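# Fold and geometry: a report
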Amino acid sequence: MRRRLGLVALGLVGCLAVSGCAGGEEPSILGKQTLVAGVRPDLPGIGFRSPDGRFEGLDVDVSRYLAERMGKKVRFAPALAADRERLLRDGKVDMVLTFWLEPEWTQRLAFAGPYLLSYQDILVRDGEREVRGVRDLKGRRICAVTGSGAAEAVTRERQVAAVPVAARSYDDCLTMLGDGRIDAITTNDTILAGLKTRRGDAFRLLNARFGERRTGIAIRKGDPDGCEALNRAITLMYQDGTMAAFMTKWFGTSGLDLSDVEVPQFEGCL
């Protein structure tokens, strides 16, 4: 019995020293030397995977900064909207960026942040003049990326009878908008700004801002220590001006208002 208790005590000491135990459910991200960040491969300016396999965008820069502040290395894995929760649950990634803080997801996952506040907006073809706001999407075909929730924010939250058209990625949405299969794309204004920057004058961002969107970093439940460490790093990223520099770097020519880049109010780690 004494030997058994001694082994338990040693295990607890080792757990606390390495990772804070993370509530005993899952290993904490604090115990890892390299964090695997799931980022979107289909969102120019946010997370985009080039043909040579390299990742770039705001979420890539943010992930590198946070990992460095936590004394970690980081590598990236593609995380489409439909795959991101599964990737977390299967342990393929340690955190996923560009994840709205919604009750549906906070019941199953833990979240650091938010690290970004934005609004939902609408992207249309440049020649479109009849769509000026969310109510004008009635009867219009809008892109519905699997696992995103942005189309539902129009049809369910605002009760606008738009017609969702399924797509796997926002890259597919942009193609469908360009060839006329859909009439609009609606999601975070930063995502739409990145899409517009990629195609230039072919599309127009309406600046019809509606529905504040709090974008967080999803991690597995049971890791409050890792969550708090991410929140401390996010705070520093705003305080030292790095986040403002990142926003200017990726969206400075998009027309987004970047005059007020302040650290968001955190949800709290559970």
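Refer to the structure printed above.
The following refers to the structure shown. Everything numeric in this text was worked out from a predicted model, so none of it was measured.

Turning to the packing of aromatic side chains, a few remarks are in order. This structure, assessed with the given rule, holds 3 aromatic pairs. Ring geometry for Phe99 and Trp105: centres 5.1 Å apart, planes at 80 degrees, overall edge-to-face. Ring centres 5.4 Å apart and planes at 80 degrees place the aromatic pair Phe99 and Phe111 in the edge-to-face group. Taken together, the residues Phe99 in strand S6 (residues 95-100) and Phe111 in strand S7 (residues 110-125) connect sequence positions 12 residues apart. A residue is classified by how much of its surface remains accessible, and Phe99, at 1% relative accessible area, is buried. Taken together through their ring pairs, the aromatic side chains of Phe99, Trp105 and Phe111 make up a single cluster. Arg84 extends its terminal NZ or CZ atom over the ring of Trp105, reaching a point 5.0 Å from the ring centre. We note Arg213 situated over the ring of Trp100; from NZ or CZ to the ring centre the distance is 4.2 Å.

Here Asp223 is to be found in the loop between strand S12 (210-219) and helix H8 (224-239). Reaching out from Asp223, the side chain makes a polar contact with the backbone nitrogen of Ile29 at a distance of 2.9 Å. There is a polar contact of 2.9 Å between the side chain of Asp223 and the backbone nitrogen of Gly226.

What follows is about the nonpolar core. Ranked by internal contacts, the top residues of the largest apolar core, which has 69 residues, are Leu58, Ile185 and Met243. Among the elements that make up this core, the one with the highest residue count is H8 (7 residues). Once residues lying within four places of it in the same chain are set aside, the contact partners of Leu58 are Gly45, Ile46, Leu116, Met243, Phe246, Met247, Trp250 and Phe251. One finds Ile122, Leu137, Ala151 and Ala184 within the second-largest nonpolar core, a separate group that totals 15 residues.

Turning our attention to the pattern of salt bridges. Within this structure, the stated rule accounts for 21 salt bridges. Here Asp42 ties to Arg40 by a salt bridge, and the two come within 3.1 Å at their closest N and O atoms. Put simply, Glu85, Arg89, Glu104 and Arg108 are held in one network by salt bridges that share partners.

A water-sized probe rolled over the atoms picks out the places where empty space is left. Within this model, the largest pocket holds a volume of roughly 420 Å³. Around the largest pocket sit 20 residues that line it, and Leu117, Ser118, Asp257, Asp260 and Val261 are the ones nearest its centre. Secondary structure elements with two or more residues in the lining of the largest pocket: S7, helix H7 (189-199) and helix H9 (242-251). Ranked by the residues each element gives to the lining of the largest pocket, the list is headed by S7, at 4 residues. Counted by class, the lining of the largest pocket contains 11 nonpolar, 3 polar and 6 charged residues. Looking at the second largest pocket, its volume works out to about 340 Å³.

What follows concerns helix H6 (residues 170-179). Given 3.6 residues per turn, any residue in an α-helix points the same way as the ones three and four places further on. Of the residues making up H6, those classed as buried are Tyr170, Cys173, Leu174, Met176 and Leu177. Take H6 and look down its axis: the buried residues cluster within an arc of 165 degrees, on one side only.

Interaxial distance between helix H2 (residues 58-69) and H8 falls to 9 Å at its minimum, and their mutual angle equals 115 degrees. Comparing their axes, H8 and H2 come out roughly perpendicular. Along this stretch, H2 crosses H8, giving a crossing that reads as right-handed. Taking contact as the criterion, the partners of Val62, Tyr65, Leu66 and Arg69 in H2 are, on H8, Leu230, Ala233, Ile234, Leu236 and Met237. Tallied by class, the residues present in the contact of H2 with H8 amount to 8 nonpolar, no polar and 1 charged.

Pairing between the strands of a sheet is mediated by backbone hydrogen bonds and can be parallel or antiparallel. A sheet is described by the order of its strands in space; here 3 strands give the open sequence S2-S3-S4, paired in antiparallel fashion. Each edge of the sheet is formed by a strand with only one pairing partner; in this case those strands are strand S2 (42-43) and strand S4 (55-56). For strand S3 (residues 47-49) and S4, the ladder comprises 2 bridges, and the chain directions are antiparallel. Counterpart to Phe48 in the pairing with S4 is Glu56.

Here is what the cut-offs are and how they apply
- Residues numbered from 1 in each chain as written.
- Predicted model: local features only at pLDDT ≥ 70, side-chain atom pairs only at ≥ 80, totals over all residues.
- Heavy atoms only, no water.
- Phe/Tyr/Trp six-rings, centres within 6.5 Å; stacked < 30°, edge-to-face > 60°.
- Helix = DSSP H or I, 4+ residues; strand = E, 2+ residues; numbered from the N terminus.
- Buried < 20%, exposed > 50% of the residue type's maximum accessible area, 1.4 Å probe, protein only.
- Lys NZ or Arg CZ within 6 Å of the ring centre and 35° of its normal.
- Polar contact = N/O pair within 3.5 Å; in protein donor to acceptor, adjacent residues only side chain to side chain.
- Core = buried A, V, L, I, M, F, W, Y, C linked by side-chain atoms within 4.5 Å.
- Contact = heavy atoms within 4.5 Å.
- Salt bridge = Lys/Arg side-chain N within 4 Å of Asp/Glu carboxyl O.
- 1 Å grid on protein atoms, 1.4 Å probe; cavity = no way out; pocket = protein on both sides within 12 Å on 5 of 7 lines; lining within 4 Å.
- Points joined across faces, edges and corners; volume = space filled by probe spheres on them.
- Nonpolar A, V, L, I, M, F, W, Y, C, P; charged D, E, K, R; others polar.
- Arc of directions from axis to C-beta.
- Axes fitted to C-alpha atoms, helices over the stretch in contact; angles between N-to-C directions.
- Parallel < 35°, antiparallel > 145°, perpendicular 65-115°, else oblique.
- Left-handed = near helix turned anticlockwise from the far one by under 90°.
- Pairing = 2+ DSSP bridges.

Geometric values such as these leave the question of function open.
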